[in-house]
Amino acid sequence: MTANSQPSMTANTPSTKCSTVYIVVPCYNEQEVLPETSKRLKEKVNQLISQGKLTNKSRIVFVDDGSRDNTWNMIAALHEEDPLFSGLKLSRNRGHQNAVLAGLLTCKEYADAVISMDADLQDDINAIDAFIDEFHSGHDIVYGVRSKRETDTAFKRLTAEGFYKIMQKFGVDIIDNHADYRLMSRRALDALAEYKEVNLFLRGIVPLIGYPYAIVKYERAERFAGESKYPLKKMLALAFDGITSFSVKPIKMVTALGVTITVLSVLALLYCLVAAFIPAIGVPNLVIVGCIFLSCGLIISSLGLIGSYIGKIYGEVKARPRFFVEDLLLK
Ligand code: UDP
Ligand code: MG
């Protein structure tokens, strides 16, 4: 954290600044966790209001990403009961990244800053105090970074750490161990709104914005209830999307691979030519068959990789809308 983050003193020393902050929580079939998440978030926001750090215009906005369970009814009931809770209903399931974006872009019109966090209480709510302090000390973006991954399974830990390493090797500027738990000021959100891409990978876009930022470390908890909505297949798709949306290194690697194979093939050809004139050796069939299969495999997979970039360009050229808001409950 930076030297000028003065307001983070004791809990009962009121911060000199007071802002309207919206907390955006994407929800996809989250009926099991909503009662507890809403209770804990309400306590936190009310505590920050009483400390004078947040205005009473601050809101908790649950974004319903086309849930098929009782999530939206629960959000509507929470809003009826207490205007602190707001609801944003998307017209259908658009995936976590689009749900977060919908929340951020809608709320930036009303708030000085917006925090995004998951619904399942894996993101530590107590880190919000430090987020607000860093915001009040002049940081436009505050990244929540996991200090430990002990609650993750060994497999998730391994794949996630590998993911950050690979991304950085491919030249994508992302913050280590940061998911989508972050605060963004209104001007950072205005900048985010300028990025029109359909293949959305917020973790890659936000660092591109620039503006002063701070990092707040927190311990990631286990999902409070319900099941993960990010199975391995979706996680791999997000990782692939992240790399191909921010780096053309894979295509360059394919070119390098092609050159290497050409050189090796010329050597193999020379060897075969020489061997053909030496009856004791002859042309080894296995080598020829192996070479053919290897080059076919490499050519097809390289075409597949290039094809996936073309597919992305196709998506970007069409520039279809990323989400539609069906309902907004905001008082
Ligand atoms: N989520 C969403 N739309 C989806 C999938 C997930 O809005 O299509 C939300 C989900 O409700 C949760 C957050 O994204 O608040 C992260 O999902 P999850 O906790 O299932 O992912 P994990 O933590 O297991 O990676
Ligand atoms: Mg989770």
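Keep in mind it's a predicted model, so treat the numbers as computed, not measured. (Residues numbered from 1 in each chain as written. Chains lettered and ligands numbered in written order. Predicted model: local features only at pLDDT ≥ 70, side-chain atom pairs only at ≥ 80, totals over all residues. Heavy atoms only, no water.)

(A) Spatial organisation of the pattern of salt bridges. Scanning the model with the defined rule gives 16 salt bridges in all. Its salt-bridge partner being E109, residue K108 comes within 3.1 Å of it at the nearest N-O pair. A residue is classified by how much of its surface remains accessible, and E109, at 52% relative accessible area, is exposed. As a salt-bridge pair, D120 and R223 come within 3.3 Å of each other at their nearest N and O atoms. With D120 in the loop between strand 4 (113-116) and helix 4 (128-136) and R223 in the loop between strand 7 (213-218) and helix 8 (232-246), this residue pair connects regions lying 103 residues apart in the sequence. Of the residues examined, R223 reaches a relative accessible area of 21% and is grouped as partly exposed. Look at the salt bridges and you will find they share partners, linking E30, D120 and R223 into a network. (Salt bridge = Lys/Arg side-chain N within 4 Å of Asp/Glu carboxyl O. Buried < 20%, exposed > 50% of the residue type's maximum accessible area, 1.4 Å probe, protein only. Helix = DSSP H or I, 4+ residues; strand = E, 2+ residues; numbered from the N terminus.)

(B) Just the site of ligand 1, in detail. Residues in close proximity to ligand 1 total 20 residues, the closest being E30, D65, D120, S228 and K229. Between ligand 1 and A119 there is a distance of 2.9 Å, counted from an oxygen atom to a backbone nitrogen or oxygen. Within the side chain of D120, a nitrogen or oxygen atom sits 2.7 Å from an oxygen atom of ligand 1. In isolation ligand 1 has 540 Å² of accessible area, and contact with the protein removes 94% of it. If you list the elements that add at least two residues to the shell around ligand 1, you get strand 1 (21-27) and helix 3 (96-107). (Near = heavy atom within 4 Å. Polar contact = N/O pair within 3.5 Å; in protein donor to acceptor, adjacent residues only side chain to side chain. Areas by Shrake-Rupley, 256 points an atom, 1.4 Å probe, with all protein chains shown as cover.)

(C) Local environment of the nonpolar core. In this structure, F62, I115 and I128 are the most contacted members of the largest nonpolar core, which totals 34 residues. Put simply, the parts of the chain that give this core at least two residues each are strand 1, helix 1 (34-50), strand 2 (59-64), helix 2 (71-81), strand 4, helix 4, strand 6 (178-185) and strand 7. Apart from residues no more than four positions distant in its own chain, I128 is found in contact with I23, L41, K44, L48, I115, M117 and Y181. In this structure, V24, V61, V100 and L105 belong to the second largest nonpolar core, which totals 31 residues. (Core = buried A, V, L, I, M, F, W, Y, C linked by side-chain atoms within 4.5 Å. Contact = heavy atoms within 4.5 Å.)

(D) Expanded view of the packing of aromatic side chains. Inspection of every chain in the model, using the stated rule, returns 8 aromatic pairs. Relative to Y181, the ring of F131 has its centre 4.7 Å away and its plane inclined at 35 degrees; by these criteria the two rings are tilted. Pair noted here: F131 is in helix 4 and Y181 is in strand 6, with a separation of 50 residues, a long-range link. By the burial criterion, F131 is buried, and Y181 matches it. Pairwise contacts between aromatic rings join F163, Y164, F201 and F246 into one cluster. Residue placement shows K318 over the ring face of Y314; its charged tip is 3.9 Å from the ring centre. (Phe/Tyr/Trp six-rings, centres within 6.5 Å; stacked < 30°, edge-to-face > 60°. Lys NZ or Arg CZ within 6 Å of the ring centre and 35° of its normal.)

(E) Looking closely at the packing of helix 5 (residues 154-169) against helix 8. At a closest axis distance of 10 Å, the pairing of helix 5 and helix 8 adopts a crossing angle of 10 degrees. Taken together, the axes of helix 5 and helix 8 lie roughly parallel to each other. Every residue of helix 8 that contacts helix 5 at F155, K156, T159, F163, I166 and M167 is listed here: L232, M235, A239, G242 and I243. Among the residues forming the contact of helix 5 with helix 8, the class breakdown is 8 nonpolar, 2 polar and 1 charged. (Axes fitted to C-alpha atoms, helices over the stretch in contact; angles between N-to-C directions. Parallel < 35°, antiparallel > 145°, perpendicular 65-115°, else oblique. Nonpolar A, V, L, I, M, F, W, Y, C, P; charged D, E, K, R; others polar.)

(F) Representation of empty space enclosed by the protein. All chains considered together, the criterion is met by 1 cavity of 30 Å³ or more. In this model, the largest cavity occupies a volume close to 40 Å³. Lining the largest cavity are Y22, V61, S86, T106, C107, Y110, L328 and L330. Of the residues that constitute the lining of the largest cavity, the class distribution is 6 nonpolar, 2 polar and no charged. (1 Å grid on protein atoms, 1.4 Å probe; cavity = no way out; pocket = protein on both sides within 12 Å on 5 of 7 lines; lining within 4 Å. Points joined across faces, edges and corners; volume = space filled by probe spheres on them.)

(G) Inspection of the coordination of the magnesium ion (ligand 2) at higher detail. Distances from the magnesium ion (ligand 2) to its protein donors, namely D120 (OD) and Q122 (OE1), fall within the range 1.9 to 2.0 Å. We classify D120 as buried; its relative accessible area is 4%. On the basis of relative accessibility, which here comes to 14%, the residue Q122 falls in the buried class. (Donors = N, O, S within 2.8 Å, 3.2 Å for Na, K, Ca; no water.)

(H) Geometry of the pairing of strand 6. With 8 of 8 residues buried, strand 6 is to be regarded as a mostly interior element. As judged from the 4 bridges shared by strand 4 and strand 6, these two strands associate in the antiparallel manner. For I115, the partnering residue across the bridge sits in strand 6 and is L183. Pairing of strand 5 (residues 141-146) with strand 6 involves 4 bridges; the strand directions are antiparallel. Opposite Y143, over in strand 6, you have R182 as the bridge partner. (Pairing = 2+ DSSP bridges.)

(I) Representation of helix 6 (residues 186-193) within the structure. Looking at helix 6, one finds that the buried residues are A188, L189, A191, L192 and A193. On its buried face, helix 6 sits against helix 3, strand 4, strand 5, strand 6 and helix 7 (202-209).

(J) Layout of the side chain of D82. Tracing the backbone through its elements, the reader meets D82 in the loop between helix 2 and strand 3 (85-90). Given the relative accessible area of 15%, D82 is considered buried. A polar contact of 2.9 Å, which involves the side chain of D82, links it to the backbone nitrogen of L84.

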